[in-house]
Amino acid sequence: MNKLAIPILAVFFFSTCAGSDPAGNRDFQGPFFDLEGYMQGQIDSLQALNPEVRKTIELNSEIETHQLDNLNFKQELKLFQQADINKPAWIDKYEIEERRENDAVRTYYNATDTTLAVQQMMVDQIGKKVAMVFIDRQTGSFLSQGSQTLVYRPTEGYEIATSQSSKVGGEIEGLVVVKFLSSAE
């Protein structure tokens, strides 16, 4: 893969996202899972542990893999933090469904408004520990439409899959997979 493709891919992934809470409502304790706070805790922990990772980037079927020991987790996990749905204006915009089995709980947050970026968030917890976070996001602008699937597993790593159709650039399919090679807990 062209060395220029990685910076272009990074710009592509991050430019299609809405910024953080524009109303400055970080103190709001909403009814939904606090994804922004959870991810900040994960970022802090990962930066302190600095685990070795294998990062694979696939862009339109071209694949590049690197083993790294100095990943910028704040930048890497920014999309997850930006997908937080705990906003005062969105209290009635998501339906919550919970499924329990023994000490495992899977909670779904499904958007009732098709214009929201985050259409679904699913959080798996075993006891009080998060086992997985899944997010289905819609992205786009005047020039493009797309979707992103984000999956975070605190002991394994994370994936960001992007599909975008652009009026000027055609179709783009991207996948970033980061696997923790040394302990992330």
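Shown above is the structure to which this text applies.
Only a predicted model underlies this, so the values are computations on that prediction, with no experimental measurement involved.

## Considering the overall build of the protein
Phase 1: Of the regular secondary structure elements, the protein holds four helices and nine strands.
Phase 2: For the protein, the α and β elements follow one another from N to C terminus as α-α-β-β-α-α-β-β-β-β-β-β-β.
Phase 3: Looking at the protein as a whole, 39% of its 185 residues are labelled buried.
Phase 4: Expressed as a percentage of contacts within the protein between residues at least 6 apart in sequence, the contacts between residues at least 24 apart total 49%.

## A closer look at the sheet that holds strand β2 (residues 62-68)
Phase 1: Taking strand neighbours across the sheet as the criterion, the nine strands line up as β2-β1-β9-β8-β7-β6-β5-β4-β3 in an open arrangement whose pairing is antiparallel. Edge positions in the sheet fall to β2 and β3 (94-101), since each of these pairs with one other strand and no more. Mean inter-strand twist for the sheet, computed between neighbouring axes without regard to direction, equals 10°.
Phase 2: Sheet analysis places strand β8 (residues 157-166) next to strand β9 (residues 170-180), joined by ten bridges and oriented antiparallel. Among the inter-strand pairings, Glu159 is bridged to a residue of β9, identified as Val177.

## Side note on the pairing of strand β4 (residues 104-111)
Phase 1: As defined by bridge partners, β3 adjoins β4 across eight bridges and the pair is classed as antiparallel. Bridging across to β4, Glu98 finds its partner in Thr107.
Phase 2: Hairpin connection, β3 to β4: the antiparallel pair is bridged by two residues, and Asn102 has positive phi, about 55°.
Phase 3: Across seven bridges, the pairing between β4 and strand β5 (residues 118-126) is antiparallel. Within β5, the position partnered with Tyr108 by the bridge is Met122.
Phase 4: Here β4 folds back onto β5 in antiparallel fashion, the turn holding six residues.

Conventions adopted
Starting from 1, residues in each chain are numbered consecutively following that chain's sequence as written. Confidence filtering applies because this is a predicted model: local features only for residues at pLDDT of at least 70, side-chain atom pairs given and counted only at 80 or more, and all residues used for totals across whole chains, interfaces and linings. Values shown for side chains rest on all heavy atoms present in the structure; no hydrogens or waters enter the calculation. Put simply, DSSP H or I for four residues or longer makes a helix, DSSP E for two residues or longer makes a strand, and each gets a number counted from the N terminus. Any residue under 20% of the maximum accessible area for its type is buried, any over 50% is exposed, and the rest in between are partly exposed; the area is computed with a 1.4 Å probe on protein chains only. Contacts: residue pairs with any heavy atoms within 4.5 Å of one another. By definition, two strands form a pair when at least two bridges between them are found by DSSP. Orientation is described by lines fitted to C-alpha atoms, with helices fitted over the stretch in contact, and by angles between N-to-C directions that extend from 0 to 180 degrees.

Everything listed is a geometric property; what it means functionally is a separate question.
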